[in-house]
Amino acid sequence: MRSRVSSLEGWFRDHARDLPWRRHRTPWRSLVSELMLQQTQVSRIALRFEDFMDRFPTPRVMVDAGEDEVLAAWEGLGYYRRARLLHAAARCIVETHGGEVPSTVGALESLPGVGKYTAGAVASIVFEVRAPIVDGNVVRVTSRVLGLDRRADDPTLLKEAWTFSEGLVQASASPSLCNEGLMELGATVCTPRRPTCAVCPLAETCAAARLETPDAIPRPKVRPVRQVVHMHLALIERSGRVLLEQRPAGGLWGGLWQPLGLESSESMTLEAFRQALPIELLRCEHVATRRRQLTHRTVFIEVHRAMTRRRSGRWFDRDEASRLGMARPIRDILDRYVWSSEAD
DNA sequence: AAAACGGGGGC
DNA sequence: GCCCCAGTTTT
């Protein structure tokens, strides 16, 4: 195990990618980066990280900015609950840790949105604590090094991965080099398809490297069939403002803003939609259908233009709406069917 | 233990 | 079209 680790650490020292959160490392920057990176590719976050940190340079600034600001800054990154959890974590850091990110696995794990992986990552990478970490990369590397021919989401494989990581970090000279190196290896060498075993620091002691097709393991996760959701929206404008509402905190696009609408498992007729809306519409016409593929479902968005006499509700002009958190497809629809038509 | 939860990128 | 991604929380 010792030689495995030192070879991994040495490899990482030489081959670490130049990433924003590595360039300038602070506990807060690392915590934010880890929350952003959950189930999200490094390349996506690398583009957004510095802007986000400029906006929220400390936990205190984030708390004062408020959850809505954080949601807005999170736009396009998905899994929006993470943004709310990050804001809650910032509040917890300010209120119970004096504004400083805690350094122990236990204290980190008690923060909202921080589970075993993230706690171990921050503790080891920032504070050099001997804590193991297991992410998708580590699961893949473990299954290959140990030659475990199981599904990537097999609970027994996950357990083996934690044990493997634990063994590595205990034998390491530097928990941060060891852990980050392990993930970096999975991201750049031991990739899901066509891993480059020829340059891998673990190849000598890897079971899969001796196989003809090392990428045959781990086996793919089982994916549930995507559910279909029909979303019906009414674009209601008046004097350069559009009527919007905030989605419930839980579920799809939780806490994000959108035009008045309804969801159903089946498509609705225009009349049914009109009847089902909680406000009376003077006119309502269907203008477009958009299809959105998400990991867990297919969303059909039926876009309508409508008018109402009603004045109550939350109305926003273009500038105000730009500062609200919205799902990407919803933002696109407003840009296309509301704001662009102002020029007509 | 299983389900819920986005949006892209790579092929 | 399918698979994947620096996972966590809720049920």
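Remember, predicted model here, so these are calculated numbers, not experimental data.

**Student:** I'd like a description of the protein's contact with DNA strand C, backed by residues and values.
**Tutor:** Around DNA strand C, the structure places 33 residues, and the nearest of them are G113, G115, D135, R140 and R223. Close to the protein, within 4 Å, the atoms of DNA strand C belong to sugar or phosphate groups at a rate of 64%. In the model, a sugar or linking oxygen of DNA strand C is placed 2.7 Å from a nitrogen or oxygen of the D135 side chain. With respect to DNA strand C, the side chain of R140 contributes an N or O atom lying 2.6 Å from a phosphate oxygen. Those elements that place two or more of their residues in the surface near DNA strand C are α2 (20-23), α3 (27-37), α8 (81-96), α10 (116-127), α11 (136-145) and α13 (175-188). Within the surface near DNA strand C, the residues separate by chemical class into eleven nonpolar, ten polar and twelve charged.

**Student:** Would you mind going over α13 in detail, with residue names and values included?
**Tutor:** Spanning 14 residues, α13 covers 20 Å between terminal C-alpha atoms, matching the ideal 20 Å at 1.5 Å per step. By the criterion of burial, α13 is predominantly enclosed, with twelve of the 14 residues buried. Buried within α13 are the following residues: P175, S176, L177, C178, N179, E180, G181, L182, M183, E184, L185 and G186. Of the surrounding secondary structure, the elements contacted by the buried residues of α13 are α1 (2-15), α2, α10, α11 and α12 (155-171).

**Student:** Give a description of the packing of aromatic side chains that names residues and reports values.
**Tutor:** Overall, the coordinates contain four aromatic pairs when judged by the stated rule. For the ring pair W21 and F49, a centre distance of 5.5 Å and an interplane angle of 75° mean the geometry is edge-to-face. In this pair, W21 is assigned in helix α2 and F49 in helix α5 (residues 49-55), connecting sequence segments 28 residues apart. For the pair W21 and F49, one class covers both residues: buried. Ring geometry for W257 against F316: centres 5.3 Å apart, planes inclined by 70°, an arrangement best described as edge-to-face. Highlighted residues: W257 in strand β3 (residues 257-264) and F316 in strand β6 (residues 314-316), separated in sequence by 59 residues. For the pair formed by W257 and F316, the shared burial category is buried. Through a chain of ring-to-ring contacts, three or more aromatic side chains come together here, namely F52, F56 and W74.

What counts, and at which threshold
- Residues numbered from 1 in each chain as written.
- Chains lettered and ligands numbered in written order.
- Predicted model: local features only at pLDDT ≥ 70, side-chain atom pairs only at ≥ 80, totals over all residues.
- Heavy atoms only, no water.
- Near = heavy atom within 4 Å.
- Polar contact = N/O pair within 3.5 Å; in protein donor to acceptor, adjacent residues only side chain to side chain.
- Helix = DSSP H or I, 4+ residues; strand = E, 2+ residues; numbered from the N terminus.
- Nonpolar A, V, L, I, M, F, W, Y, C, P; charged D, E, K, R; others polar.
- Expected span 1.5 Å × (residues − 1).
- Buried < 20%, exposed > 50% of the residue type's maximum accessible area, 1.4 Å probe, protein only.
- Contact = heavy atoms within 4.5 Å.
- Phe/Tyr/Trp six-rings, centres within 6.5 Å; stacked < 30°, edge-to-face > 60°.

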